[in-house]
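Okay, here's what each chain looks like letter by letter:
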Amino acid sequence: MATGRKGRELFTILETSADTESSSVCVSQDSPLNLSADVKWFEIPYKKPDSEEDEACEAEEDGEGENGFRAANVAATAEHGAADAASLISGVPCNIIVVTGSNGLKHDEEDYVEDCFYSTSTNCSDNTSNDSDIDFSDLEEEQERRSLFSLEEDLDEDCTAADFWGEPDQVISIEPFTAPCGPQHSLGDDADTRDYFRILFPDSLFEHMVEQTNSYALYRQRRSGKTDPHWHPTDVREMQAYVGLNILMGINQLPDTGMYWASDIFIGNAGFKKTMTARRFEKLTQYLQLCERESEPERGERGYDGLFKIRPLLDVLENTMWDAYMPNRCLTVDKCAIVVKGRFSPAQYMPSKPLKKGLTLWMLCDSRSGYCHRTKISVGKPRDEEAAACLGHRVVTSLVRGLEGQYHHLFMDSYFTSVPLLQRLLQDGLYACGPTHPGRKGYPEVLRPRNVGKLSQGEFYQCQRGNLVATVTRDVKVVSCLSTNSAPGIVGISPGKQQSDAEGEGESDSGDSSGFGMPRPLPLLLYQENMRGVDLCDQLRECYLVGRPCKKWWRYFLWFYINLCIVNAYIIQRESRGGTPPTGFNGKQFTQRHFRVRLAQQLIGDYQGARGMERAARKRHADSPIEYGHRLERMSERSRRCRNCTNKGLRHESVFGCKICNVHLCRGGCFSEFHK
C-alpha cells in the first residue's frame, strides 16, 4: 500500500508479476488519447476506505482529507531508471500495475487507434489582461446572449451545488473522432504555389481591391478639390504585382521603402525597379482601400461596424479558410497579437505578454500543423460586466461553430477554461482541456489553494463529475486545470533533460541513459502536448512579415490576413504533396521561404507597365504643363536655388516653383523654359 501526504492511504498499488513490471513502458497504440509515444504513463487506481472507522482515522490523521478527491505524491528523482518507474509514482519502492487496455477511457470502437505526434508547448495566459469584446453583428450578438442566458437552464446540473463533485473513480466515455479532415481541394500534381494561394485568396479579392482603390482615389481628389497628376487607375495585374513586392519585402527587409529603388548597387533591388517606380508604389499605398468609404456609417448611426474597412476581406476569408482544410481531432484556441507602430484605439496593452501592445484577435488553429481555421478580431472593451464575464464563452463557442457532434478535442488557456463552458462543449459533442483559475465558478472548493495547502512537486489532487475532471498539481508552480477528455488517476512521465542530454552526448556520467522527467497527471500532459497550434502558426507567420508600418490600423489587419493566407497555403501544399516540391524546383527541401519567393514571382510575372506609363505621362505634362496641374506657386518661406538657372550655370534663388516637379524656379521665363 502506497502512502500519500502524511502517511494517509490515498491509492492502492497493485502488485504484479515480473513480466508485467518489465513491460511497464506502454507502446504507442495503448497510450492515452492524444499523447505521443515517447511519454511513459501509468495508472494509479483509487481505493475507497474499507470502513467508516478507517475513514474517521484518516480524517483525524489529516485535516485536509476531504471526501471526493485523490492525491498522489509523485516527486520524481532523475537517478531512477525505467525499472524504478513505480517508485517515481508512489514515492516508495513498490510494484505497480501497468494498464494496457482502455486506460480508463471507454471507446465505442475497440479497434480505434490514431497515431499522432505533438511537440510540447506551454501557453498559459494571464487573466488580468484587459481583453476586449468581439465584434458581432446585431443578430449574432443577440443569439449569443440568448444562448448564454439559457445555458444554466439547459444544464441539468448546477456546478455550484455542494454535491456536484465526487470521487475520481468513474469511467469516462470518449467517442472516437471519425469526421473527415485535412486539405479539401481538387488541385492536381501540376499545381503550383499560386494555385494553392488562390484557394484562400481568390482573384475576386484582387478585383475588389482594384475597384475600391480606384474609387477611393477619385473620392480623395474630389474632397481636396485637386487632381493628382501622378495617379492613374490601377488594374488586377498591377495590384497582384504590388502584393508580390510586399511579400518580397518581408524576405529582403530594409529599413526604408525607398531603399529598394536606391541607385546604390549594393542596396537597390533591380527587380523592384523593373516592376514599378517608387512613386507608383507610394501612390498605390496611399490609395489602397477595401471598402466604399462614401457609404461608411458614422459611430452611433444604424448599421455602424467597427470593422467596416476590412469587412469585405473578412467575409471572403472566413469561408475560404474554413472550407480549404477540414479540422483535425485536436484544436487550439488562443490569442494572437499584431505588432503596431503608433497610437490606435483598437490596440491593447498586455503587460503579461512578450508583446506589450498590439492589435489582438482570437484564433482556432490545428494543434498538429498550425493551420488557422477561423479568427475573431477584438475591436473594443466590453460594454458592461455581463459582456466581460461571458467573453471567453462567446469567443470559444463562436470559433467552434459548425463542429458540434464531431468529437473534436479543444485545448485552451486559463482565460477561457471554466466549468460552464466545458459542460456546454460536452453537450455539443466537443471535448476540452486547459488550465483554469481556482476562483472560477464551479471549481471544486476542496481543490482551491486555501484547502489543498502546500503541495510538493509532482503531487496532485483530483475531483470528478462524469467526464469532467478537476485537477490541481504542482509542477514548477501550482496549476489548476479542467478536462473532459482524460481519465483520472493516470500519470505520465515525459523524457527528462537528463535523458535528452545523454542521447545528445552519447554517454551519461551516471551511466543511466533512461532518465525521467517530472511525473504529471494526464490533463496537464495533454495540454502540454497539444496546446501549440496558435504558437506554431505565429512562428510560421512572423518569420517573414508582409507589408510596411503605416498610420492606418486596418492595414495591419490586411497584411496580417494576407500573410495568414500564405501560411495556410503553404501548409495545404505541404500536406497535399507529402513534402514533394513543385515542378521546376531544384533544391533539396521546399521550405516556407521558397514558397513565398515562388508565390511573389508568380504574382508579379512579367509585369512592367508602371514605368512606361509614367514616362508617357511625363511627356504629356511637358507638352502642356498648365493642363496637367503644373503651376508656378510659392514653395516655401525660404528661398532655394532655381533649377533652370542652375542647369545653365547661373545662381539665382526663388521662393516660387512647381510643386508637381518639386523644384524652385524664378518668376520670369524659367517656369516655361524648364517644362519644355
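Here, residues in each chain are numbered from 1, in the same order as that chain's written sequence. Two thresholds apply to this predicted model, a pLDDT of at least 70 for residue-level local features and 80 or more for giving and counting side-chain atom pairs, whereas whole-chain, interface and lining totals are computed over all residues. Neither water nor hydrogens contribute to the side-chain values; these are computed over all heavy atoms in the structure.

> Explain the side chain of H409 to me, please; I cannot follow it from the model alone.
Here H409 shows up in strand 12 (residues 409-412). Polar contact is the term for a pair of N or O atoms within 3.5 Å; when the atoms are in protein, one must be able to donate a hydrogen and the other to accept it, and sequence-neighboring residues count only if both atoms are side-chain atoms. Within polar-contact distance, the side chain of H409 engages the side chain of N485 at 3.1 Å. Where helices and strands are cited, they refer to DSSP runs of H or I of at least four residues and of E of at least two residues respectively, numbered from the N terminus.

> For this particular structure, what's the right way to read a nonpolar patch on the surface?
Residues I265, F266 and I267 make up a contiguous nonpolar surface patch of roughly 380 Å² in combined accessible area. Note on placement: I265 falls in the loop between helix 8 (236-251) and helix 9 (270-275). Patch membership needs two things, relative accessible area over 30% and no salt bridge, and members are linked within 9 Å if like-charged or within 5 Å if nonpolar (Val, Leu, Ile, Met, Phe, Trp, Tyr). The protein chains shown are the only cover counted for residues, whose accessible areas, like all others here, come from Shrake-Rupley with a 1.4 Å probe. The term salt bridge refers to a side-chain nitrogen of Lys or Arg lying within 4 Å of a carboxyl oxygen of Asp or Glu.

> Help me understand the sheet that holds strand 23 (residues 663-664) in this model?
Strand pairing within a sheet occurs via backbone hydrogen bonds; the two strands may be parallel or antiparallel. Read across the open sheet, the three strands follow the order 19-22-23; overall the sheet is antiparallel. Pairing within the sheet leaves two strands with one partner each, and these edge strands are strand 19 (633-634) and strand 23. Only strands that DSSP links by at least two bridges are regarded as paired with each other. Direction of pairing for strand 19 relative to strand 22 (residues 656-658): antiparallel, over a ladder of two bridges. In the sheet register, E633 faces strand 22, and the bridge partner there is G657.

> How do you make sense of the packing of aromatic side chains when you look at a structure like this?
Each aromatic ring pair is described using two quantities: the centre-to-centre distance and the angle formed by the ring planes. Stacked, tilted and edge-to-face pairs are distinguished by plane angle, under 30 degrees for stacked and over 60 for edge-to-face with tilted covering the rest, among Phe, Tyr and Trp rings (Trp via its six-membered ring) whose centres lie within 6.5 Å. Taken as a whole, this structure holds 20 aromatic pairs when the rule is applied. Ring plane angle 65° and centroid distance 5.8 Å describe the contact between Y570 and F595, whose orientation is recorded as edge-to-face. Placement of Y570 in helix 19 (residues 553-577) and of F595 in helix 20 (residues 592-604) is noted, with a sequence separation of 25 residues between them. On the accessibility criterion, F595 (0% relative accessible area) is buried. An aromatic cluster of at least three residues, connected via ring pairs, comprises Y242, Y260, W261, F272, F281 and W559. Whether a charge sits over a ring depends on NZ of Lys or CZ of Arg being within 6 Å of the ring centre and within 35 degrees of the ring normal. Residue placement shows R374 over the ring face of W322; its charged tip is 3.9 Å from the ring centre. For R634, the ring lying beneath its charged end belongs to F656, and the centroid distance is 5.8 Å. Residue exposure (1.4 Å probe, protein chains only): buried if accessible area is under 20% of the type maximum, exposed if over 50%, otherwise partly exposed.

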